[in-house]
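Residues per chain, in single letters:
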Amino acid sequence: MGLDDLPESWTVWTEQRDGRVILAYRPDVFDADAFPAPCLPTIYVTNGSRADRPGAGQYATEEWHATLFAEPEIELTNETRESRAAAVDAAVDVAERFANGEIDYRAAYQQPREAYLAELDERTGRAD
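Residues numbered from 1 in each chain as written. Predicted model: local features only at pLDDT ≥ 70, side-chain atom pairs only at ≥ 80, totals over all residues. Heavy atoms only, no water.

The name that an unreviewed UniProt entry assigns to the protein chain is DUF5820 family protein, with the source organism given as Halolamina salina.

Undergrad: When you look at the packing of aromatic side chains in this model, what are you seeing that I'm missing?
TA: Each pair of aromatic rings is reported with the distance of its centres and the angle of its planes. On inspection of all chains with the given rule, the structure shows 9 aromatic pairs. Arranged with centres 5.7 Å apart and planes meeting at 75 degrees, the rings of Trp10 and Phe98 form a pair that is edge-to-face. With Trp10 in strand E1 (residues 10-15) and Phe98 in helix H1 (residues 84-99), the pair connects residues that are 88 residues apart, well separated along the chain. For Trp10, a relative accessible area of 4% translates into the label buried. Ring-pair connections join several aromatic residues into one group, and the members of that group are Trp10, Tyr25, Phe30, Phe35, Phe98, Tyr105 and Tyr116. (Phe/Tyr/Trp six-rings, centres within 6.5 Å; stacked < 30°, edge-to-face > 60°. Helix = DSSP H or I, 4+ residues; strand = E, 2+ residues; numbered from the N terminus. Buried < 20%, exposed > 50% of the residue type's maximum accessible area, 1.4 Å probe, protein only.)

Undergrad: What is the right way to look at the nonpolar core in this model?
TA: The biggest cluster of nonpolar side chains holds 35 residues, and the ones touching the most others in it are Trp10, Phe98 and Tyr116. Among the secondary structure elements, those contributing two or more residues to this core are strand E2 (21-25), strand E3 (42-48), strand E4 (60-71), strand E5 (74-81), H1 and helix H2 (114-124). Looking at which element gives the most residues to this core, the answer is H1, with 9 residues. In this structure, Phe98 is in contact with Trp10, Tyr25, Pro41, Leu68, Leu76, Ile103, Tyr105, Leu120 and Thr124, ignoring residues within four places of it in sequence. (Core = buried A, V, L, I, M, F, W, Y, C linked by side-chain atoms within 4.5 Å. Contact = heavy atoms within 4.5 Å.)

Here you go:
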């Protein structure tokens, strides 16, 4: 498995020389015109520290992470792996689960953005 196996609803937004990858879900739909700018589901593949302090993510670690965000501050899931290749595979798996409506993004919100979540429901088949 690899980035070529992403579901078609996901796009490689950027792939950096240091191995980090950012994937975006339907940027054609969740653009800054139709929804507030933060409303773009993304998956980050990174080996940055996950310590809970400002700037911690800029420090590389031995572990790689595939982290799905509904918005920059709304983390939905994180998969930790020992290598970049394994983290990319985990990211593809998370992307598939998200696209199939298997990840509950609504539970992550205290004050939901109803229009955004309704559109996600429609796109991921959870509206049924």
